[in-house]
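A look at the structure
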Amino acid sequence: MKSSDKMNGTINLGHGSGGVMTRDLLDKVVFSTFDNPLLNKKHDGAIVRFDTEMAVSTDSFVISPIFFKGGDIGELAVHGTVNDVAMCGAIPKYLSLAFIVEEGLAMEDFIRIVESVKTAADHSGVQIITGDTKVVERGKGDKIFVNTTGFGAIHPKANIAAENIKTGDRIIVNGNIAQHGMAIMSEREGLEFESTIESDTTNVNHLVLDLLDAFGDKIHLFRDPTRGGVASVLSEIAMDIDKGIQLTEKDIPIEKQVAAACEILGLDPLYVANEGVFISIVEEEIVDEVLALMRAHSKGKNAKCIGLVTKDHPTKVVMRSGIGGARMVSPMIGEQLPRIC
């Protein structure tokens, strides 16, 4: 039986009551989709064992629209948390999953999101082991919100910490920036414009694992530049380590269509959100090897070294242009586009 045959109609308050309708929804949609021994116990929680140091990360997803070019809120909720755990130098293994659903959401949309979560979790190599579903009255939510919490063991070679960064370290991004934010903006009510730009939402944990296997503690930091983009993350890092960061404008990887859309809307792509891009700060001696490994991987084929850590202009990020000029890259103030993830 296909998922679409399991239930129809819309979500109503009874589906969140804890009674027969809740059990029906969970059995026919959630448990049948995420079928695994830990979840199938149908207990208040899951009992798991870790024999080593572990990373835990939680995130909530309120993106609008819930379906967009290149993805939806379900896979975004998996990718976002899986990537956050990976940025800690850990190997994601388990996720919790919680839905807050607005009364009136089409059942087919809920099923589509659940199935998208399952597909993304499978691609990421993680299991959904516990969760929750609540329903709020019509007008008290906006279709659906999702929360995920991820758990993973720290890689034995990892030593990811800002204090490890030193002058001369290189800054690498694994792919083209600003795609997610511009994809969402192209579909946002009141801002719609013709575009084929797709979100870059994806899991990067397998690429991170390959990097840690190969280079271990010569990788000093991973960060994913979601809200606030590359500029905000690098500004935070520069302030945290009391060193300067120098970027080279011509080395920033960005698709022509994305750059053109940013220019039309008056946006700096450095501040636009990403969901499949991560920053690696690595020792200078391994930069070429890191780039070679990334470019051989599907999640890093457009990897570029975009800058370095310097003793000059401590706590500041400076961008060098192709004609020899320089400009300060300041932290973002306020919200460029709300509900981007």
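Look up a bit, the structure's there.
Residues numbered from 1 in each chain as written. Predicted model: local features only at pLDDT ≥ 70, side-chain atom pairs only at ≥ 80, totals over all residues. Heavy atoms only, no water.

Two pairing modes exist for strands in a sheet, parallel and antiparallel, and in both the strands are linked by backbone hydrogen bonds. As summarised here, the arrangement of the four strands in space is 1-6-4-5, forming an open sheet in which the pairing is mixed. Sheet topology places strand 1 (54–61) and strand 5 (127–136) at the edges, where each strand pairs with a single neighbour. Between one strand and the next, the sheet's axes are offset by a mean angle of 15°, whatever the strand orientation. Direction of pairing for strand 1 relative to strand 6 (residues 144–154): antiparallel, over a ladder of eight bridges. Each bridged residue has a counterpart across the sheet, and for Phe 61 the counterpart in strand 6 is Val 146. (Pairing = 2+ DSSP bridges. Helix = DSSP H or I, 4+ residues; strand = E, 2+ residues; numbered from the N terminus. Axes fitted to C-alpha atoms, helices over the stretch in contact; angles between N-to-C directions.)

What follows concerns the pattern of salt bridges. Scanning the entire structure with this criterion turns up twelve salt bridges. Salt-bridge contacts for Glu 236 lead to Arg 223; the nearest nitrogen and oxygen are separated by 2.9 Å. Placement of the pair is Glu 236 in helix 7 (residues 229–241) and Arg 223 in strand 8 (residues 219–223), with a sequence separation of 13 residues. The class of Glu 236 is partly exposed, set by a relative accessible area of 37%. With a closest N to O distance of 3.4 Å, Lys 250 and Asp 251 form a salt bridge. Exposure remark for Asp 251: the relative accessible area of 17% places this residue in the buried category. A single salt-bridge network, built from bridges that share partners, covers Arg 23, Asp 27 and Lys 42. (Salt bridge = Lys/Arg side-chain N within 4 Å of Asp/Glu carboxyl O. Buried < 20%, exposed > 50% of the residue type's maximum accessible area, 1.4 Å probe, protein only.)

The next subject is helix 2 (residues 20–34). For helix 2, which comprises 15 residues, the first-to-last C-alpha distance of 20 Å matches the rise-based estimate of 21 Å (1.5 Å per residue) to within 8%. The sharpest bend along helix 2 reaches about 40° and sits at Asp 27. Among all positions of helix 2, only Thr 22, Leu 25, Leu 26, Val 29, Val 30, Phe 31, Thr 33 and Phe 34 are buried. (Expected span 1.5 Å × (residues − 1). Bend = angle between axes of the 7 residues up to and from the residue.)

So, about the pairing of strand 11 (residues 304–310). By the bridge criterion, four bridges tie strand 7 (residues 170–173) to strand 11 in an arrangement that is antiparallel. The residue of strand 11 that forms the bridge with Arg 170 is Leu 308.

Right, let's get into the side chain of Asn 176. One can find Asn 176 in the loop between strand 7 and helix 5 (179–185). The class of Asn 176 is buried, set by a relative accessible area of 15%. Once residues within four sequence positions are removed from consideration, Asn 176 is found in contact with Asp 200, Pro 253, Ile 254, Glu 255, Asn 274, Val 277 and Asn 302. (Contact = heavy atoms within 4.5 Å.)

Remark: the centre distance and the inter-plane angle together describe each pair of aromatic rings, the angle taken between the planes. For the coordinates displayed, the defined rule picks out three aromatic pairs. Seen in terms of ring centroids, Phe 222 and Phe 278 are 5.8 Å apart; in terms of plane orientation they differ by 75°. Their pairing is edge-to-face. Pair noted here: Phe 222 is in strand 8 and Phe 278 is in the loop between helix 8 (256–265) and strand 10 (279–282), with a separation of 56 residues, a long-range link. By relative accessible area, which is 1% here, Phe 222 ends up buried. A cation over a ring is seen here: Arg 112 above Phe 67, with NZ or CZ 3.8 Å from the ring centre. (Phe/Tyr/Trp six-rings, centres within 6.5 Å; stacked < 30°, edge-to-face > 60°. Lys NZ or Arg CZ within 6 Å of the ring centre and 35° of its normal.)

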